Amino acid sequence: MIGQKTVHNLIEDILTLLSISENSGRNIENLMEECEKDAESLLMDSQNIRTVYEVIKFMDEMPGGFLIYRANEAEDIVYANKALLRIFQCSTLKEFREMTGNSFRGLVYLEDLDEIEESIKEQIAASQYDLDYVEYRIVRRDGEIRWIEDYGHFIRSETVGDIFYVFLGDATEKRSRQLQILERALNNANLAIQAKNKFLSNMSHDIRTPLNAITGFTSLAKNHIDNRDEVQRYLDKIGEASGQLLDLVDKVLEISWTETKDVHVEEAECNLREILQSVERALSPRFSGKKITFETDLTGVKHLDVYSDRDKLRQIVQYLAGNAVEYTGKGGRVRVAVVEGEQLANDYAVYRLVVSDNGIGISKEFQEHVFEPFERENNTTFSGIYGTGLGLAITRNIVKIMGGTIEVDSAIGKGSTFTVTIRLRIQETQLVSAVSPEDVAVCLNSGKILLVEDNEINVEIETEILEKAGFCIEIAENGSIAVEKVKKSEPGEYALVLMDIQMPVMDGREAAEAIRGLGNPELAHIPIIALSADAFENDRRLSLESGMDEHLTKPMDIDEVVGAMAKALQRHKTLYGDR
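Everything quoted here is computed from the prediction, not taken from an experiment. (Residues numbered from 1 in each chain as written. Predicted model: local features only at pLDDT ≥ 70, side-chain atom pairs only at ≥ 80, totals over all residues. Heavy atoms only, no water.)

### Description of the confidence of the model for the protein
Consideration 1: Here the protein averages 83 in pLDDT, while 84% of its residues score no lower than 70.
Consideration 2: For the protein, per-element mean pLDDT is lowest for helix α13 (residues 380-383), which scores 44, and highest for helix α18 (residues 508-516), which scores 95.
Consideration 3: Note that pLDDT drops below 50 for residues 39-43; the model gives that stretch 7 contacts with residues more than four away or on any other chain.
Consideration 4: Taken together, the stretch residues 379-384 has pLDDT below 50 and engages in 9 contacts with residues farther than four places along the chain or on a different chain. (pLDDT = per-residue confidence, 0-100. Helix = DSSP H or I, 4+ residues; strand = E, 2+ residues; numbered from the N terminus. Contact = heavy atoms within 4.5 Å.)

### A look at the pairing of strand β8 (residues 305-308)
Consideration 1: Relative to β8, strand β6 (residues 268-271) runs antiparallel, the two being bridged by 4 bridges. Within the sheet, the bridge partner assigned to Asn 271 lies in β8 and is Asp 305.
Consideration 2: Relative to strand β12 (residues 415-426), β8 runs antiparallel, the two sharing 2 bridges. Paired with Tyr 307 across the bridge in β12 is Arg 425. (Pairing = 2+ DSSP bridges.)

### Let's talk about the sheet that holds strand β14 (residues 473-476)
Consideration 1: In spatial order, the strands read β14-β13-β15-β16-β17; together these 5 strands make up an open sheet with parallel pairing. In this open sheet, the two strands that pair with only one neighbour each are β14 and β17 (550-553). Taken over all neighbouring pairs, the strand axes of this sheet differ in orientation by 25° on average, direction set aside.
Consideration 2: Here strand β16 (residues 528-532) runs beside β17; their pairing, made up of 4 bridges, is parallel. Bridging from a neighbouring strand, Leu 531 pairs with Leu 552 of β17.
Consideration 3: Sitting on the sheet, helix α16 (residues 456-468) is in contact with β13 (448-452), β14, β15 (494-499) and β16, with an inclination near 160° to β14. (Axes fitted to C-alpha atoms, helices over the stretch in contact; angles between N-to-C directions.)

### Quick word on empty space enclosed by the protein
Consideration 1: In this structure the tally under the stated criterion is 2 cavities of 30 Å³ or more.
Consideration 2: Space inside the largest cavity adds up to approximately 120 Å³.
Consideration 3: The residue makeup of the lining of the largest cavity, split by class, is 12 nonpolar, no polar and 1 charged.
Consideration 4: Its boundaries defined by the atoms lining it, the second largest cavity holds a volume of some 40 Å³.
Consideration 5: Lining the second largest cavity we find 10 residues, and of these Gly 492, Tyr 494, Glu 522, Leu 523 and Ile 526 sit closest to its centre.
Consideration 6: Across the lining of the second largest cavity, the residue classes break down as 4 nonpolar, 2 polar and 4 charged. (1 Å grid on protein atoms, 1.4 Å probe; cavity = no way out; pocket = protein on both sides within 12 Å on 5 of 7 lines; lining within 4 Å. Points joined across faces, edges and corners; volume = space filled by probe spheres on them. Nonpolar A, V, L, I, M, F, W, Y, C, P; charged D, E, K, R; others polar.)

### Some points on the pairing of strand β5 (residues 163-170)
Consideration 1: Judged from the 6 bridges that link them, strand β1 (residues 65-70) and β5 form a sheet pairing that is antiparallel. If you follow Gly 65 over to β5, its bridge partner there is Leu 168.

### Let's talk about unusual backbone geometry
Consideration 1: Cis geometry is found at the peptide bond from Lys 554 to Pro 555, where omega equals 0°.
Consideration 2: For Pro 555, the location among the structural elements is in the loop between β17 and α21 (558-576).
Consideration 3: Phi at Gln 89 takes a positive value of approximately 60°, unusual for a residue other than glycine.
Consideration 4: As for its placement among the helices and strands, Gln 89 is situated in the loop between α4 (82-87) and α5 (93-100).
Consideration 5: For Gln 89, a relative accessible area of 35% corresponds to the partly exposed category. (Buried < 20%, exposed > 50% of the residue type's maximum accessible area, 1.4 Å probe, protein only.)

### A few points about the pattern of salt bridges
Consideration 1: Evaluated as defined, the whole model comprises 29 salt bridges.
Consideration 2: In this structure, the salt-bridge partner of Glu 144 is Arg 140, at a minimum N-O distance of 2.8 Å.
Consideration 3: Relative accessible area serves as the criterion here: at 33%, Glu 144 is assigned to the partly exposed category.
Consideration 4: The shortest N-O distance in the salt bridge between Lys 312 and Asp 309 comes to 3.1 Å. Like Asp 309, Lys 312 is buried.
Consideration 5: One salt-bridge network, held together by shared partners, links Arg 140, Asp 142, Glu 144, Arg 146, Asp 170 and Glu 173. (Salt bridge = Lys/Arg side-chain N within 4 Å of Asp/Glu carboxyl O.)

### Looking at the packing of helix α17 (residues 479-488) against α18
Consideration 1: Contact geometry of α17 with α18 gives a least axis separation of 8 Å together with a crossing angle of 20°. As the angle between them shows, α17 and α18 are arranged roughly parallel. The two elements α17 and α18 cross, and the hand of that crossing is right-handed. Judged by residue contacts, Gly 479, Val 483 and Val 486 of α17 engage Ala 511, Ala 514 and Ile 515 from α18.
Consideration 2: The residue makeup of the contact of α17 with α18, split by class, is 5 nonpolar, 1 polar and no charged. (Parallel < 35°, antiparallel > 145°, perpendicular 65-115°, else oblique. Left-handed = near helix turned anticlockwise from the far one by under 90°.)

### As for the environment of Ala 282
Consideration 1: Positionally, Ala 282 belongs in helix α10 (residues 272-289).
Consideration 2: Sequence separation between Ala 282 and Gln 318 is 36 residues, and the spatial gap between their C-alpha atoms is 8.4 Å.
Consideration 3: For Ala 282, the contacting residues outside a window of four places in its chain are Arg 314 and Gln 318.

### A look at the packing of aromatic side chains
Consideration 1: In this structure the tally under the stated criterion is 13 aromatic pairs.
Consideration 2: Here Phe 66 and Tyr 79 contribute two aromatic rings whose centre-to-centre distance is 6.3 Å and whose plane-to-plane angle is 55°, an arrangement assigned as tilted. Separated by 13 residues along the polypeptide, Phe 66 in strand β1 and Tyr 79 in strand β2 (residues 77-80) bring together distant segments of the chain.
Consideration 3: Residue classification places Phe 66 among the buried positions, given a relative accessible area of 4%.
Consideration 4: For Tyr 79, a relative accessible area of 5% puts it in the buried group.
Consideration 5: On the numbers, 6.4 Å between centres and 40° between planes, the contact of Phe 66 with Tyr 165 is tilted. Here the residue Phe 66 occupies a position in strand β1, and Tyr 165 occupies one in strand β5, the gap between them amounting to 99 residues.
Consideration 6: Classification of Tyr 165 by relative accessible area gives buried; the value is 13%.
Consideration 7: By way of ring pairs, the aromatic residues Tyr 69, Phe 104, Tyr 136, Phe 154 and Phe 164 are connected into one cluster.
Consideration 8: The aromatic ring of Tyr 348 is capped on one face by Arg 423, whose charged end is 4.7 Å from the ring centroid. (Phe/Tyr/Trp six-rings, centres within 6.5 Å; stacked < 30°, edge-to-face > 60°. Lys NZ or Arg CZ within 6 Å of the ring centre and 35° of its normal.)

The structure is reproduced here in structure tokens:
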């Protein structure tokens, strides 16, 4: 309150000095000389006069506009500094008074006046200590309309009357920039809405196409149930359509998690040859069916064994190579090459993954949008090629997460080349030879796989697939039963656990933690692999944190399961030795 009173007194002294100057027709400088000789006539001591004079000089030379006006009905102007005169393009205070009618009301653009005065009243009523803030238009002397920012404060004074003092600045350019930013944001939002609407339209088509095939061929298979060859052909078509639908769901989920901040890069031992071979095996049915020559080239790599996030690295290769196969015609060529470049400090080296094809190519115009989500140069109907427009966006996101870059060079009718540049840490020693699928079967000959699954349909499907692959299966309906079975088993009775996550009584992660906590180390160290419909990166991380060795997603892919088994068995053999 003392500070507020001091400010009020200073303002009152300023107004007194300004009033004397105006009434006497003398400027402040001349008045100062007389006042210092006879300060008593003003009821002010010489020190106060000098302080007030210095404050007025400071206000006059401030870079921003400063205004004092009376809080009466006429809102008479008491003072305006030079900066405010420049804003209005006036040479003198007299000219400014004439232009505005010597009233605050004359400053403000007429259409804005009622609204800003109401706003000022509301702000004053809300707080007597804060500056009120308003924006309004003015008309300069040359007729140009400008925008003003106004920070004001109301003072009630019995000595000189109620007043407002106001800081003003020309906000025209600032407002123009803000409008440009808003327009760009609105334009980007509209483009995003258009892209998503286009995507949803395409998505509706791409979902219904395989669904139509599944329902249609299922009906045909029922009608030809006695014709084995026809039923087999229909089932093959159903399988193909199911794969397309699963691919669509996977990519929609993946684009979601790769755009979140909850994505982690896990550095572990991996071999570049094994990654390329894994992708080649996965894509073999697709490129073989189109008689495409699929080549992998690692001759430019000195160090095949590196530390990286194997799953993400494999995804990058899989998406780019799969995209190349998809958009390359029958009898075409796809080449996947890795080149090791400059070796950096701390055992890092720069690697380039180059995926090239002689397919349909991408236009120069569309190359600017090729990595954007939901974008396709032509939809499935026009291109004749099934696709969601998400694969390259996912790839770009993963590459970015791993600290790399991705580029495209393409021409219509000539094909495309995608180049990923990424830093990988080189392993000092070679990896121990991986366990082969044959080794998996041998290792599991003496022990059963404990399949933990509560859904009867999944149990039937997964049991059939695993038993056909030569494995002996035992079922546990939930995590609690699984823990009891392992706890009561003899070491080696169960060679491995395939664990669902979402189950009644006890979920898969709780069960894994309970098994890892068993008193018998031979039972506690049993390999556990999650097999779940939970497909996000965070789901995998939670599974590994609960003590599981790997996290696989449904539907079951037997090759992927066998590979995970081999990896888990190798890990446990390395850590705990042969049991």
